[in-house]
Amino acid sequence: MKFVENIKYFFSVIGGLTDFTIRFFLEVFRPPYEISEIRKHMDELGVKTFSIVSVTGFIIGLVLGMQSQPVLARFGAEMFLPGMIALSVIRELGPALTALIFAGRVGSGIGAELGSMRVTEQIDAMEVSAVDPFRFLVVTRVIATTLMLPLLTIYVDFIAILGGYVAVIITQNMTFPYYIQLILDAIRFSDLIPGISKTFVFGFVVGIVGSYLGFNASKGTEGVGKASTTSVVISSLLILLIDSVLVRLTLIIFPD
Amino acid sequence: MIRVENIYKRFGDLVVLNGVSFEVPKGTTTVILGRSGIGKSVLLKCIVRLIEPDDGKIFIEGKNISELSLKELNDLRKDIGFLFQSAALYDSMSVRENLAFPLVRHTDLSDSEIEERVKETLRLVGLSEAIDKMPSELSGGMRKRIGLARSLILHPKIMLYDEPTTGLDPVTSKEIAKLIIDMQNKFKMTNIVVTHDMVVALSTADRILLLDNGNFIFDGTPDELIKSEIDMAKKFLSTSLD
Ligand SMILES: Nc1ncnc2c1ncn2[C@@H]1O[C@H](COP(=O)(O)OP(=O)(O)OP(=O)(O)O)[C@@H](O)[C@H]1O
Ligand SMILES: [Mg+2]
């Protein structure tokens, strides 16, 4: 049955990913660090995702604000709208949505890129020229995704809060400084940390899944396509799974 | 010197190499002929340990390559040039970056020395004008020659050529054959050339091996091949005659 096979495949990938992750941590602290390669990848990731996360972030803030406004108005609590928007964005929507978009754009890109390098023997060529392809291709990409996603998420949080302001001024008269003031009153430091820190994990997941599937792509152009699409599916699934665990964990560490 | 002892390799039920042995003395060229899909590329890849044989030993410069640590293996690999059948150029890098890649990683040359060496090697394969192109802008034959340039750039002691002229026109093929001989004379390299091209085979080889069904069915000099009564040898020769 297809479903059973998919489950089996998923677990075999998890097994391979575990090995890959261990190998990553064994390699990542050893010089040379390939800084220029990491920076090149970070630039590419930024360029690739900037416009899509900007649009999505703004609309999420806007929609969230418009949806919540009548609900809060019913309880006469419209003053809480800015705080509510900011809290939802910073704690959950910003990190999760940015990570999922990142998985879609970047995960598929890495899967396809490394997959085609595998299929056209570029990875073999690198190995024969005495350059470790795992270090040069995988470690640099995983570092780049791990560092880039948190930056993007912070940016998306800001944009979404901006989108929320637009929703607010549709129905209320509120200056922007006052809107920000209400937000700053509502959020605590403990709201910021978990939201941002989990994006390091999500970024790592996107990088390592895409790299693993690309690196192990099977021969033929079909293998490249599969590495690319499977990267998106598996990294999105893992992000959602890890997120639900981390949300629970956060509530234990930072009880309200 | 390269010595291959009793190499076995199978993929599932498919036996590709069935106890292959041969030796390539230092500074000589051995040509391996064989039909498509018979295992020539697999054999070459075993020699650089891209593929692990199921059984058997391979010695390069007296070292058993399966016993080397990764560091020792990489030191050895710096002395080996490998021209892939598909050229295997790095898609994301320009021709210049492709050629500079081994130099940047394995030598202390300055930027200007690297540039000089890149240009000199491109001249060697007759593609100086391609230096700023991306691999996707090159024809199949050009890719092959850039791949050749990249594998020669560290002046390796050993060169492994996987079908260096397949897909090239006869004129360029002859030039490549001449290049193989020139490089051989200049750097006293030890060569293994896998090919279907009888012009390349007869002009470069000190010795020719014919691989079929997992083992060599002919082993001799070019002259001996021409006189050989083996059916497969005759078939290969006839392609060069008509
Ligand atoms: N990684 C692999 N997994 C499974 N089978 C393989 C693998 N690599 C090669 N083979 C099989 O081994 C056989 C020999 O392949 P190889 O590429 O060595 O042929 P070849 O002699 O180089 O042919 P050609 O002249 O067409 O390049 C083929 O049948 C191929 O399908
Ligand atoms: Mg081949």
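Definitions and limits used
- Residues numbered from 1 in each chain as written.
- Chains lettered and ligands numbered in written order.
- Predicted model: local features only at pLDDT ≥ 70, side-chain atom pairs only at ≥ 80, totals over all residues.
- Heavy atoms only, no water.
- Salt bridge = Lys/Arg side-chain N within 4 Å of Asp/Glu carboxyl O.
- Helix = DSSP H or I, 4+ residues; strand = E, 2+ residues; numbered from the N terminus.
- Buried < 20%, exposed > 50% of the residue type's maximum accessible area, 1.4 Å probe, protein only.
- Core = buried A, V, L, I, M, F, W, Y, C linked by side-chain atoms within 4.5 Å.
- Contact = heavy atoms within 4.5 Å.
- Phe/Tyr/Trp six-rings, centres within 6.5 Å; stacked < 30°, edge-to-face > 60°.
- Lys NZ or Arg CZ within 6 Å of the ring centre and 35° of its normal.

> Whenever I open this one, the pattern of salt bridges confuses me. Can you help?
When the charged atoms of two side chains with opposite charge come close together, those side chains can pair. Residues and elements named next belong to chain B. Taken as a whole and assessed by the stated rule, the structure comprises 26 salt bridges over all chains. Residues Lys 9 and Asp 54 are paired through a salt bridge, measuring 3.5 Å at the closest nitrogen-oxygen approach. Residue Lys 9 is located in strand β1 (residues 2–11), and its partner Asp 54 is located in the loop between α1 (40–47) and β4 (55–60); the two are separated by 45 residues in the primary sequence. Under the relative-accessibility criterion, Asp 54 is labelled partly exposed at 44%. Measuring nitrogen to oxygen at the nearest pair gives 3.1 Å for the salt bridge that ties Arg 49 to Glu 52. Judged by its relative accessible area of 43%, Glu 52 is partly exposed.

> Please explain the nonpolar core as it appears in this structure.
One broad rule of soluble globular proteins: the nonpolar side chains tend to lie buried together. In this structure, Phe 24 of chain A together with Leu 17, Phe 22, Ile 32, Ile 47, Leu 160 and Ile 192 of chain B are the most contacted members of the largest nonpolar core, which totals 87 residues. The biggest single contributor to this core is helix α5 (residues 133–171) of chain A, with 12 residues. Here Ile 192 of chain B is in contact with Ile 2, Phe 22, Val 24, Thr 30, Ile 32, Leu 44, Ile 47, Met 159, Leu 160 and Tyr 161 of chain B, once residues within four sequence places are set aside. Membership of the second largest hydrophobic core comes to 45 residues, among which are Ile 114, Ile 131, Ile 176 and Leu 179 of chain B.

> Even after reading the chapter, I still don't get the packing of aromatic side chains, so can you show me in this structure?
For any two aromatic rings, the description comes down to two numbers: the centre-to-centre distance and the angle of the planes. Counted under the stated rule, the structure contains 16 aromatic pairs over all chains. When the ring of Phe 10 of chain A is compared with that of Phe 11 of chain A, the centres are 5.6 Å apart and the planes differ by 80°; the resulting orientation is edge-to-face. Overall, the relative accessible area of 17% leaves Phe 10 of chain A in the buried class. Ring geometry for Phe 24 of chain A and Phe 204 of chain A: centres 5.4 Å apart, planes at 70°, overall edge-to-face. Taken as a pair, Phe 24 of chain A in helix α1 (residues 2–28) and Phe 204 of chain A in helix α7 (residues 189–215) lie far apart in primary sequence, 180 residues in all. Under the relative-accessibility criterion, Phe 24 of chain A is labelled buried at 5%. Over the ring of Tyr 90 of chain B we find Arg 150 of chain B; its NZ or CZ atom is 4.3 Å from the centre of that ring.

Purely geometric numbers; function is a separate question.
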